Structure formats: structure tokens, C-alpha cells
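A structural walkthrough
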Amino acid sequence: MKKIFISIVTAAVLLLLTGCAKIQSKDEFYSTEQIESDKSVLMSVNCSEILENMDSLDSGLEEYIPEYGLVVEDKAYPIKDGDTVYDLLIRVAKENKIQIESKGFFGNREIEGINYIYNSSCGKGSRWIYKVNGEIQQPVCSDYKLKDGDIVQWIYVCNDKRSD
């Protein structure tokens, strides 16, 4: 009797889990929502500092470094009220089919990697940082709420003294 009960519970849990999972194709995952807004920000993703430090780059990552280091060139993106730097980065990454890896949960997301270039991929102290309006921000990018006209720059630095 106990085995039957465990089997039924296990089957119910598996059914529940598979029913809750949303399986998407690559095209569905990378599709982006169209935002109608009169508010926008400029955003870029730049890893050009790596070009001067290729000897420190982890083996096999060379193919992910764009010719001039610009993963995403400056472009205006519409924003919604309440959008964060993280929300924008995810939308831009999907639009441009760029891989993103982050850590944390709920409202505490930190970026670990963009376009397969990770923190420490170019030696100790190398990492992704972001600036808003020219000022370096805290690593948690899901906290920073964007305002109309903000300029967001994701920059890969090869010798960030703050990580020592």
C-alpha cells in the first residue's frame, strides 16, 4: 500500500512539474516584446579592453570577441516605467541573440557573463561592470531603475581593482 501511495504522489509531482514548464524553441526564446513608449535609453555592450589583453583571455573564447570589441553598439531602446538595467539587458540580449548568464534571485541579479565572456575570463580582476550616465554602479543590476534619457554602458574591464 505504501509503495502505491509513493508511486501516485511521485506521478502527481512529475505531472505538475511538466505541466508548469514552458518549453520554448530558440526562436521563441529570442523573440522580443515590442514596447510602445515615449521614454528611451541608450545602451551599449563593449569588451574592447580584451583586445589589448588577448594573451590573458581563456583559451577558446577568441571567437566571441567582436572585431572592434563592440558586442552591442550604442542604440536607443524604449523603456517601460519600472524597467531596470537588468530588464533592458535581457531584452537587448534577446533582440541581438546574445547569451547572458546571471546569478541571484528575485530582485538581486548580477551579470556573470555576456556573449560567453565571463567574469575572470581575461585574468584575475576581469569582469563586467556597468555605468549609468558615466558612473559605475553596484553589481546588482536589477536594482537600478532606468529613467528616460539614461545612458547605460556595459563594459568588460580586464583589471578591476575592486575585485582584489
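Presented here is an overview of the structure given in this document. Residue indices follow the written sequence of each chain, beginning from 1 at its first position. Under the rules for a predicted model, residues below a pLDDT of 70 receive no local features and side-chain atom pairs below 80 are neither given nor counted, while totals for whole chains, interfaces and linings still include all residues. As a convention, hydrogens and water are excluded, and side-chain values are obtained from all of the structure's heavy atoms.

**Concerning the environment of Tyr77**
Here Tyr77 is to be found in strand β2 (residues 70-78). Note on Tyr77: relative accessible area 5%, which makes it buried. The spatial distance from the C-alpha of Tyr77 to the C-alpha of Val41 is 5.5 Å, given a sequence separation of 36 residues. With residues near it in sequence (within four places) discarded, Tyr77 still touches Lys39, Ser40, Val41, Met43, Val72, Leu88, Val92, Glu95 and Asn96. Each helix is a run of DSSP H or I of at least 4 residues and each strand a run of E of at least 2, with the numbering of both proceeding from the N terminus. Summary of the burial criterion: residues with accessible area below 20% of their type's maximum are buried, those above 50% are exposed, and those between are partly exposed, where the area comes from a 1.4 Å probe applied to protein chains only. By definition, residues are in contact when any of their heavy atoms lie within 4.5 Å.

**Observations regarding the nonpolar core**
Buried Ala, Val, Leu, Ile, Met, Phe, Trp, Tyr and Cys residues that are joined via side-chain atoms within 4.5 Å together make up what is termed a nonpolar core. Ranked by size, the top nonpolar core spans 33 residues in total, and within it Met43, Val45, Ile50, Val85 and Trp154 carry the most contacts. At the level of elements, β1 (40-46), β2, α3 (85-96), β4 (110-114), β6 (127-132) and β8 (151-157) are the ones that each hand at least two residues to this core. Ranked by residue count, the leading element in this core is α3, at six residues.

**Quick notes on the environment of Ile35**
In this structure, Ile35 sits in the loop between α2 (26-30) and β1. What makes Ile35 buried here is its relative accessible area of 14%. In contact with Ile35, not counting residues within four places along its chain, are Pro78, Ile79, Lys80 and Arg91.

**Side note on the side chain of Gln99**
Examined against the element boundaries, Gln99 turns out to sit in the loop between α3 and β3 (100-103). Among the residues examined, Gln99 registers a relative accessible area of 12% and is labelled buried. In terms of polar contacts, Gln99 uses its side chain to reach the backbone amide nitrogen of Tyr116, at 2.7 Å. Sequence-distant contacts of Gln99, that is, excluding residues within four places in its chain, are made with Gly113, Ile114, Asn115, Tyr116 and Tyr118. Definition of a polar contact: a pair of N or O atoms within 3.5 Å, with one able to donate and the other able to accept a hydrogen when the atoms are protein atoms, and with sequence-neighbouring residues admitted only if both atoms are side-chain atoms.

**Some remarks on the sheet that holds β3**
Within a sheet, adjacent strands bond to each other through the backbone by hydrogen bonds, running parallel or antiparallel. Strand pairing follows a simple DSSP-based rule, namely that at least 2 bridges must link the two strands. Taken in spatial order, the three strands make up an open sheet running β3-β4-β5, and their pairing is antiparallel. The sheet is open, and its two borders are formed by β3 and β5 (117-118), each paired with just one other strand. Bridge count between β3 and β4: four bridges; the pairing is antiparallel. Residue pairing for β4: Ser102 is matched across the bridge by Ile111. Convention adopted: a line fitted to C-alpha atoms gives each axis, helices being fitted over their contacting stretch, and angles between N-to-C directions are expressed from 0 to 180 degrees. Packed onto the sheet, α3 meets β3 and β4 and runs at close to 155° relative to β3.

**Topic: the sheet that holds β8**
Taken in spatial order, the five strands make up an open sheet running β2-β1-β8-β6-β7, and their pairing is mixed. Of all strands in the sheet, those with a lone pairing partner are β2 and β7 (135-136), marking the two edges. Here five bridges tie β1 to β8, and the two strands are oriented parallel to one another. Bridge pairing links Met43 to Val152 in β8. α3 rests against β1, β2, β6 and β8 of the sheet, and its axis sits at about 115° to β2.

**As for the environment of Glu73**
Among the secondary structure elements, Glu73 is positioned in strand β2. Take Glu73: its relative accessible area is 57%, and that puts it in the exposed class. Between the C-alpha atoms of Glu73 and Met43, which are 30 residues apart in sequence, the distance is 7.6 Å. Setting aside anything within four residues of it in sequence, one finds Glu73 in contact with Met43 and Ser44.

**Some thoughts on the pairing of β1**
As judged from the six bridges shared by β1 and β2, these two strands associate in the antiparallel manner. Within β2, the residue paired with Val45 across the bridge is Val72.

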